[in-house]
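# Results of the structural survey
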Amino acid sequence: MSKNRKLTIWLPVIIAASIALGIFVGNHYLVLSQGKQTRSYTSGNKINAILDIINQQYVDTVNMPQLIEGTIPKIFSELDPHSLYIPADEATAANEELKGSFSGIGVSFNMQTDTILVISVISGGPSEKAGLLPFDRIITINDSVFSGKNISQTRIMRTLRGEKNSTVRLGVKRGDNPELLYFDVTRGDVPVTSVDVSYAVKPGIGYIKISKFGRTTYAEFITAIAKLKMADCNSFIIDLRGNTGGYMDAAVNMINEFMPAGRLVVYTEGKAFPRNEIYTNGTGTCQDSPVIILTDEFSASASEIFAGAIQDNDRGIIIGRRTFGKGLVQSPIQLNDGSEVRLTIARYYTPSGRCIQKEYELGGNNNDYDQDIYNRYLHGEFDSADSIKMDDSLKYTTSIGRTVYGGGGIMPDVFIPRDTTGITSYFSNVINTGVLPLYALEYSDKHKTELARFATWKEMYNYLKQQPILYDFTNFAASKGIKKHPTLINISGQLIEKQIQAYIVRNFFDEAGFYPIFMQDDATLLRAIQLIQEGKSVPTLNNDLNGVAHSQAGFTQRVGFTKERISGILIG
């Protein structure tokens, strides 16, 4: 009886407690369930929602900025191969090459063994004003020692560069003086040139080497043209080998110099960007000048716009090897934290209507794309045009009816295989190990007093040709672990000696002395000179270019033997 009475008393309490506990547990798991299943997000914010869930509910503390920085590149890897994200700490350096200047001390240097060796001092720059000289050795920067084998050139560069008008203190060893000399250098604007060199390669023929298309490229180009015209040059060879691109408007402005009014240069089109055509305006200063363009497998993007416009308008001859094949337009988008997005917004098309972008896959599966140049090499494309098969479904015609092809780059009118003259395993070894320019630097340093007396690069070059440089170099290379191979040295000797002489001259006369020596036996340049001298720089349907296919159909014939919204858009 008492048991029933107790049960009667406690039963409502137990039931109430159970209900309360059930409600508590149910609500608790309902919150988790709602967080898991019904988290709402608006279009475009799903990633933010996921990041919020991780930040609020993940079992451990997560470094969210680091997680986000690691996630963004993965998103861009799902797009085309040329859209990319640049973190804030890399954005400034990434843009300096194209902007035309950076803030620094104004020297070129090399890490010689374990010491920063000043090779040249920019005329009128901060270091020259402070008193630095070529072949000074920088031992300390802001009282920190910067000598030793573990000091990277990247770290040195970042330390020497800095905000304009800021000061850096350098401790310098000069000559045999045991005491360090100290210089306070006020950082300033240091120009980054994109026209490497311009000179008369033959009487009446000017050669211009362009390494990229930056903010100042067009101005540099016009200056180079004016200088060459003053030297009585009325024909031009534009070398775009190794030029991976840059700003589209720089290329467009340069093309305008060679075209009459009303010629289509390029057009662009994308999902959010209607077709935009760019035409010449007739103000060019070289409209009647013979012109030849040199290209190779590393000529990309803005270089291909330049070559494509010249080829499709039948304005000049393209000589060298098939270009890279980049027909995508990137727009730089600055983010609030200083980082940058370079997003592909359109494709560009040459005047004939062809897009020369090579194939790629969305979704990050671009191994074949990344290996394309290497695969071309394995396939024999660098040695023979016969190995190149173009897609007949991508056939177009130039202004006079010559056949050209879209997809996979621009095929030159005159194919030049890679030059293997003098190439041996010994030569490859000294190039790959960096011993050759290192020797040139040490030779320049050791003989700087006698070499400094020459007023021109030609005088220095003639002197160097009389010196036993090859014999001295092979001993130097042997001391660095590269064994002597007399037979191979005999084959490669002339090539090695010529390159050493060019590098030594460069240490005193920069590119103006380097290129005339380095390019003396360049097969592509020599072929361009020959065609200009023969009056064959303008293509016709009946041009006889010594074996060049009169149309590009198939590219299987044996060819010549012997590299409004558009302004500000980045091409590559």
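Residues numbered from 1 in each chain as written. Predicted model: local features only at pLDDT ≥ 70, side-chain atom pairs only at ≥ 80, totals over all residues. Heavy atoms only, no water.

## A few points about the overall build of the protein chain
This is how the line gets drawn: A run of DSSP states H or I qualifies as a helix once it reaches four residues; a run of E qualifies as a strand once it reaches two. Both are numbered from the N-terminal end. For every residue, the accessible area obtained with a 1.4 Å probe (protein chains only) is divided by the maximum for its type, and the residue is called buried under 20%, exposed over 50%, and partly exposed between those limits. All accessible areas in this document rest on Shrake-Rupley with a 1.4 Å probe, and a residue is counted as covered only by the protein chains that are shown.
Each helix and strand counted, the protein chain has 18 helices and 21 strands in total. Counting all 572 residues of the protein chain, 47% fall into the buried class. As displayed, the protein chain offers around 28800 Å² of accessible surface, 53% of which is attributable to carbon and sulfur atoms.

## Thoughts on a negative patch on the surface
Defined as follows: Patch membership needs two things, relative accessible area over 30% and no salt bridge, and members are linked within 9 Å if like-charged or within 5 Å if nonpolar (Val, Leu, Ile, Met, Phe, Trp, Tyr). Should a side-chain nitrogen of Lys or Arg be within 4 Å of a carboxyl oxygen of Asp or Glu, the pair is scored as a salt bridge. His is not counted, nor are the chain ends; Lys and Arg add positive charge and Asp and Glu add negative charge. Charge coordinates come from a single atom per side chain, which is NZ of Lys, CZ of Arg, CG of Asp or CD of Glu.
Taken together, the side chains of Glu359, Glu361, Asp368, Asp370, Asp391 and Asp392 define an acidic patch exposed on the protein surface. Residue Asp391 is classed as partly exposed on the basis of its relative accessible area of 41%.

## A word on the pairing of strand β3 (residues 107–112)
What counts, and what does not: Strands are labelled as partners when DSSP assigns at least two bridges between them.
Taken together, the 6 bridges between β3 and strand β4 (residues 115–121) define a ladder with antiparallel strand orientation. From the neighbouring strand, Gln112 faces β4, where its bridge partner is Thr115. The loop that links β3 with its antiparallel partner β4 comprises 2 residues; one of these, Thr113, has a positive phi angle of about 60 degrees.

## Let's talk about the sheet that holds strand β15 (residues 291–295)
Rule in force here: Whether two residues touch is decided by their heavy atoms; if any such pair falls within 4.5 Å, the residues are in contact. All axes are obtained by fitting lines to C-alpha atoms, using only the stretch in contact for helices, and the reported angles, taken between N-to-C directions, cover 0 to 180 degrees.
An order of β10-β11-β12-β15-β16-β21 is seen for the 6 strands of this open sheet, with the pairing classed as mixed. Because the sheet does not close on itself, it has two edges, and the strands there are β10 (195–202) and β21 (414–415). Together, β10, β11 (205–210) and β12 (235–239) form the strand contacts of helix α7 (residues 217–230), whose direction differs from that of β10 by roughly 20 degrees.

## Digging into the confidence of the model for the protein chain
To keep things clear, this is the line we draw: Confidence of the predictor at the level of single residues is given by pLDDT, which spans 0 to 100.
Mean pLDDT over the protein chain works out to 86, with 87% of the residues at or above the 70 mark. Note that pLDDT drops below 50 for residues 29–36; the model gives that stretch 3 contacts with residues more than four away or on any other chain. Throughout residues 546–572 the model reports pLDDT below 50, and contacts reaching past four residues in sequence, or to other chains, amount to 108 contacts.

## As for the environment of Ile54
With respect to the helices and strands, Ile54 occurs in helix α2 (residues 46–57). Note on Ile54: relative accessible area 26%, which makes it partly exposed. Distance in space between the C-alpha atoms of Ile54 and Met64 is 8.8 Å, their sequence separation being 10 residues.

## Some words on the pattern of salt bridges
Throughout the structure, instances matching the rule amount to 22 salt bridges. For Arg137, the salt bridge identified is with Asp445, shortest N-O distance 2.3 Å. One end of the pair, Arg137, is in strand β5 (residues 137–141); the other, Asp445, is in helix α13 (residues 435–446), and 308 residues separate them in sequence. Given the relative accessible area of 9%, Asp445 is considered buried.

## Description of the layout of surface pockets
Over the atoms, a rolled probe matching the size of one water molecule traces out where space is still vacant. Applied cut-off: Only protein atoms enter the 1 Å grid used here, on which a cavity is any set of points holding a 1.4 Å probe that cannot leave and a pocket is any open set flanked by protein within 12 Å on both sides along at least five of seven lines; residues with an atom within 4 Å of a point are listed as lining. Grid points are joined across faces, edges and corners, and a volume is the space filled by probe spheres set on the points. We call Asp, Glu, Lys and Arg charged. Ala, Val, Leu, Ile, Met, Phe, Trp, Tyr, Cys and Pro are nonpolar, and the rest, Gly among them, are polar.
In this structure, the largest pocket spans a volume of roughly 1600 Å³. Lining the largest pocket are 46 residues, with Ser108, Ser120, Thr193, Asp510 and Glu511 sitting closest to its centre. Of the residues in the lining of the largest pocket, the class split is 24 nonpolar, 12 polar and 10 charged.

## Describing α13
Our working rule: To estimate the expected span of a helix, subtract one from its residue number and multiply by 1.5 Å.
For α13, which comprises 12 residues, the first-to-last C-alpha distance of 16 Å matches the rise-based estimate of 16 Å (1.5 Å per residue) to within 8%. Among the residues of α13, Val435, Leu436, Tyr439, Ala440, Leu441, Tyr443, Ser444 and Asp445 are the ones counted as buried.

## Thoughts on the environment of Gly188
Structurally, Gly188 can be placed in strand β9 (residues 188–191). Here the alpha-carbon distance between Gly188 and Gly162, two residues 26 residues apart in the chain, equals 8.8 Å.

## Description of the packing of aromatic side chains
What characterises a pair of aromatic rings is the spacing of the ring centres plus the angle enclosed by the ring planes. Keep this limit in mind: Each Phe, Tyr or Trp ring, with Trp reduced to its six-membered ring, pairs with another whose centre is within 6.5 Å; inter-plane angles below 30 degrees give stacked pairs, above 60 give edge-to-face pairs, and intermediate values give tilted ones. Only when the NZ of Lys or the CZ of Arg is both within 6 Å of the ring centre and within 35 degrees of the ring normal is a charge said to sit over the ring.
Scanning the model with the defined rule gives 17 aromatic pairs in all. Relative to Tyr515, the ring of Phe514 lies with its centre 5.3 Å away and its plane at 85 degrees, an arrangement referred to as edge-to-face. The residue whose ring lies beneath Arg161 is Phe102, and the NZ or CZ to ring-centre distance is 3.6 Å. One Lys or Arg, Arg453, reaches over the ring of Tyr463 and ends 5.5 Å from the middle of that ring.

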